[in-house]
Amino acid sequence: MPPGISTLAADTPTLSAANTGFMLICSALVMLMTPGLAFFYGGMVRVKSTLNMLMMSFISLGIVTILWVLYGFSLAFGTDTGSIIGWSADYVGLSGIGLTELWDGYTIPVYVFAVFQLMFAIITPALISGALADRVKFTAWAVFIALWVTVVYFPVAHWVWGAGGWLFELGVIDFAGGTAVHINAGAAALGVILVIGKRIGFKRDPMRPHSLPLVMLGAGLLWFGWFGFNAGSWLGNDDGVGAVMFVNTQVATAAAMLAWLIYEKIRHGAFTTLGAASGAVAGLVAITPSGGAVSPLGAIAVGAIAGVLCAMAVGLKFKFGYDDSLDVVGVHLVGGVVGSLLVGFFATGGVQSDVKGLLYGGGFDQLTKQAIGVFSVLAYSLVVSALLAFVLDKTIGMRVDEDDEVTGIDQVEHAETAYDFSGAGGGAGSRKAVPAPGDTVAGAAQNKKVDA
């Protein structure tokens, strides 16, 4: 949501059935993004971690929803205290909100705004999970989510979008979550993996995606849901800004996908499905903060730049030795930084506000504000997330045992496997069953180099 701007409503706004219905649909679209993310991540891991990856996203739907109702909405969007945090007793438990009470300055009920923002709060910690694949205890992950949204996401959401939040008042433009969602999650992922360490076999054993069709399905669901994520963030549909954001979302995503594939072909010699999916997500990330400030031509530039830079960034983990399992840092952190900073270059002054970027005669003013927003959120999330991971690791333990990691986290943490082939082949069934490599701790240890 753009800071300090409300052109949707008249001086005395009244409830709009059209805008209310539109925002409820957008909220459902954003909710769909979390299962989409689960499939995207689930296809990228090895077979033995598929269910755990799905569950790391799905559990966020449960935990964050309850915390948001109890106190999260109040902390993020309640009355400002010191430009750092919000609090309103009427928002605790969502118990003091009138049925048709409008969100201040808009034509939608407070309940609708609350549920739309809830979906953002849900997907943000789920994004972090991709960096931690294969090695984190599910209980520790659940506790981490609860702590992280409380001390990181809710305050940062207030800084960026809450009336009185210090980045909001500074004039940082974050249309739909470049700082509050993507930089926040990407920096948190980096902080946690620096604490918990690498997967067993990192840079030695093959760790290829087990199901690229699942990855493409997840990317498609994310792309679809992202229209609600972005276009809905104007909180209505009266003045055309949301329509521009919708168009820019499509344009930037297409440009980023093509740019990633071209880079990949030049650098590695092939156009891969994983590259297409990752490039699309990189474009979606980058246009999220900037799409309400740039033209469609600017959106092409934002997407293309993000596609190339994110494709380059995913290889940094091998150079610097941090194990970002599914490239959360390379795509979400880097994409969020790129998209947020490019507002300072490509803002036209003719869409969501009259703010102009450097290339449109606006000087360095907005670029400076964007940089302050980017690096303050990055630093806060990185440090606090690392501290949370450190405390959890020293108390309840963050990582599964080494033997359990080799065996497969699905069996250990969930007592299930993603695919059951027991009824396939076999014939008369007189043959004695032989455990497959990886079905037992001993077998897995002997076959660690077999790509599950």
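Only a predicted model underlies this, so the values are computations on that prediction, with no experimental measurement involved. (Residues numbered from 1 in each chain as written. Predicted model: local features only at pLDDT ≥ 70, side-chain atom pairs only at ≥ 80, totals over all residues. Heavy atoms only, no water.)

Describing the overall build of the chain
When its secondary structure is counted, the chain shows 16 helices and 2 strands. For the chain, whose C-alpha radius of gyration is 22 Å, the value lies close to the compact-globule estimate of 22 Å for 452 residues. With the principal axes as the frame, the chain shows a C-alpha extent of 80 × 50 × 40 Å. Within the chain, contacts between residues separated by at least 24 positions form 78% of all contacts whose residues are at least 6 apart in sequence. Computed over 21 positive and 29 negative side-chain charges, the inter-centroid distance for the chain is 16 Å. (Helix = DSSP H or I, 4+ residues; strand = E, 2+ residues; numbered from the N terminus. Rg over C-alpha atoms; globule rule 2.2 N^0.38 Å. Contact = heavy atoms within 4.5 Å. Lys, Arg positive; Asp, Glu negative; His and termini not counted. Charge placed at Lys NZ, Arg CZ, Asp CG, Glu CD.)

Concerning the packing of aromatic side chains
For any pair of aromatic rings, the description rests on two quantities: the centre-to-centre distance and the angle between the ring planes. In the structure shown here, the tally under the stated rule is 23 aromatic pairs. Consider the rings of Trp103 and Phe113, whose centres lie 4.1 Å apart with planes at 15°: the pair is stacked. With Trp103 in the loop between strand S2 (85–87) and helix H3 (110–128) and Phe113 in helix H3, this pair connects stretches of sequence that are 10 residues apart. Across the pair, Phe113 and Trp103 agree in class, each one buried. Put simply, the rings of Trp68, Tyr71, Phe73, Phe77, Tyr91, Trp103, Phe113, Tyr153 and Phe154 touch in pairs and so form one group of aromatic residues. (Phe/Tyr/Trp six-rings, centres within 6.5 Å; stacked < 30°, edge-to-face > 60°. Buried < 20%, exposed > 50% of the residue type's maximum accessible area, 1.4 Å probe, protein only.)

Things to note about the nonpolar core
Core analysis: the largest hydrophobic core is formed by 112 residues, its most contacted members being Phe40, Phe73, Trp103 and Leu132. A per-element tally of this core places helix H4 (residues 138–161) first, with 16 residues. Residues contacting Phe40, with those up to four places away along its chain left out, are Leu214, Val215, Gly218, Ala219, Leu222, Ala277 and Val281. (Core = buried A, V, L, I, M, F, W, Y, C linked by side-chain atoms within 4.5 Å.)

Here we look at helix H13 (residues 365–395)
A rise of 1.5 Å per residue sets the reference length of H13, with its 31 residues, at 45 Å; its end C-alpha atoms lie 45 Å apart and thus fit the reference within 8%. Just past H13, the residue Gly397 takes up positive phi, approximately 85°. (Expected span 1.5 Å × (residues − 1).)

Some thoughts on the packing of helix H8 (residues 241–268) against helix H10 (residues 296–313)
Two elements in contact, H8 and H10, have axes whose closest approach is 7 Å; the angle formed by their N-to-C orientations is 35°. Remark: the crossing between H8 and H10 carries right-handed chirality. Contact with H8, carried on its side by Val247, Asn248, Val251, Ala252, Ala255, Ala256, Ala259, Trp260 and Tyr263, involves Pro296, Ala299, Ile300, Gly303, Ala304, Gly307, Val308, Cys310, Ala311 and Met312 of H10 and no other residues of that element. Here the residues of the contact of H8 with H10 sort into 16 nonpolar, 3 polar and no charged. (Axes fitted to C-alpha atoms, helices over the stretch in contact; angles between N-to-C directions. Left-handed = near helix turned anticlockwise from the far one by under 90°. Nonpolar A, V, L, I, M, F, W, Y, C, P; charged D, E, K, R; others polar.)

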